[in-house]
Amino acid sequence: MGAFPDAETRPFRPIYPKQATAPVMAQTIHILNGPNLNLLGTREPEIYGSETLDDLHARCERKAKALGYGVVFRQSNHEGELVSWVQEARERAAGLIVNAGAFTHTSVALLDALLSCSVPIVEVHLSNIFRREPFRHRSYVSKAAKGVICGFGGLGYELAIEALATSLAEAKAG
Ligand code: DQA
């Protein structure tokens, strides 16, 4: 005889207390950062400020959490990796924030990946790209973005999260 003599005859044998409702998975906003943004804090601080990428990540986590969203925050120096992450966001994200760094001004591949997404996209730049060299004035990302925020440093990421959360709430309300 085992430790539970009536185990075989019990109509229902819970292993652990059942949850009243299924756990709610937080919806996630994917935030993708392109080349050289891993150097934030030390790279041209007069343009990009003193905040590091980790600081930015923490800032985004805080803001998103306050609005009920989780965050996937990534950086890559490789165009193909960013394209793959956009394709992943296409399947999994509630919304997408992209600072493609220099790929902003060069990458048709990234644009094509972004155009394949039906989730809202916000393009962000720390610096005001329109006050800088003419080659930074053209963005391939903008065509796929719902909106663009640039020139506000790290605050721009928070503004982008807020814009996405508001757009998503409006879309849900119909
Ligand atoms: C940037 C602006 C781009 O022109 C530049 O190549 C970057 C950063 C920004 O955040 O201001 O790497 O995207």
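Above this text is the structure in question.
Residues numbered from 1 in each chain as written. Predicted model: local features only at pLDDT ≥ 70, side-chain atom pairs only at ≥ 80, totals over all residues.

## Observations regarding the sheet that holds strand S4 (residues 121-125)
Now for step 1: Read across the sheet, 5 strands follow the order S2-S1-S3-S4-S5 without closing on themselves; strand pairing throughout is parallel. The sheet is open, and its two edges are formed by strand S2 (69-75) and strand S5 (147-150), each paired on a single side. Each strand of the sheet is rotated relative to its neighbour by a mean of 20°, with strand direction disregarded.
Now for step 2: Sheet topology note: the strand S1 (residues 27-33)/strand S3 (residues 95-99) ladder contains 5 bridges and is parallel. Within S3, the position partnered with His30 by the bridge is Leu96. (Pairing = 2+ DSSP bridges. Helix = DSSP H or I, 4+ residues; strand = E, 2+ residues; numbered from the N terminus. Axes fitted to C-alpha atoms, helices over the stretch in contact; angles between N-to-C directions.)

## A closer look at the environment of Arg136
Now for step 1: Its place among the elements puts Arg136 in the loop between S4 and S5.
Now for step 2: For Arg136, a count of 17 C-beta atoms within 10 Å translates into the label partly exposed.
Now for step 3: Between the alpha carbons of Arg136 and Thr104 there is a distance of 8.2 Å; along the sequence they are 32 residues apart. (Buried ≥ 20, exposed ≤ 12 C-beta atoms within 10 Å, placed from the backbone.)

## Quick word on helix H2 (residues 53-66)
Now for step 1: Given a rise of 1.5 Å per residue, 14 residues ought to cover 20 Å, and the 20 Å separating the end C-alpha atoms of H2 matches this to within 8%.
Now for step 2: Looking at the packing, one finds that the buried side of H2 touches S1, S2 and helix H5 (155-173).
Now for step 3: Phi for Gly68, located one or two positions after H2, is positive at around 85°. (Expected span 1.5 Å × (residues − 1). Contact = placed C-beta atoms within 7 Å.)

## Some points on the packing of helix H3 (residues 79-92) against helix H4 (residues 108-115)
Now for step 1: The contact between H3 and H4 brings their axes to 9 Å, and the two run at 5°. As summarised for this structure, H3 and H4 are arranged roughly parallel, according to the angle between their axes. Counted together, Glu79, Leu82, Val83, Val86 and Gln87 of H3 and Ala109, Leu110, Ala113 and Leu114 of H4 form the full contact between these two elements.
Now for step 2: Partitioned by chemical class, the residues of the contact of H3 with H4 number 7 nonpolar, 1 polar and 1 charged. (Parallel < 35°, antiparallel > 145°, perpendicular 65-115°, else oblique. Nonpolar A, V, L, I, M, F, W, Y, C, P; charged D, E, K, R; others polar.)

## Examining H3
Now for step 1: Compared with an ideal rise of 1.5 Å per residue, which puts 14 residues at 20 Å, H3 spans 20 Å between its outermost C-alpha atoms and is within 8% of the ideal.
Now for step 2: Among the residues of H3, Leu82, Val83, Trp85, Val86 and Ala89 are the ones counted as buried. For H3, the buried positions fall inside an angular range of 165° around the axis, keeping them on one side. Away from its buried face, by an angle of more than 90 degrees, H3 presents the exposed residues Gly80, Glu91 and Arg92.
Now for step 3: Contacts made by the buried residues of H3 are with S1, S2, S3 and H4. (Arc of directions from axis to C-beta.)

## Considerations on the environment of Ser116
Now for step 1: Among the structural elements, Ser116 can be located in the loop between H4 and S4.
Now for step 2: Distance from Ser116 to Val86, taken between C-alpha atoms, is 8.9 Å for residues 30 residues apart in sequence.

## Concerning the packing of H2 against H5
Now for step 1: Relative to each other, H2 and H5 sit at 25°, their axes nearing to 9 Å. Considering the angle they form, H2 stands roughly parallel to H5. Note on packing geometry: the crossing formed by H2 with H5 is right-handed. Judged by residue contacts, Leu56, Arg59, Cys60, Lys63 and Ala64 of H2 engage Tyr157, Glu158 and Ile161 from H5.
Now for step 2: Residue classes in the contact of H2 with H5 are distributed as 5 nonpolar, no polar and 3 charged. (Left-handed = near helix turned anticlockwise from the far one by under 90°.)

Honestly, that's just the spatial picture; any functional story needs more than this.
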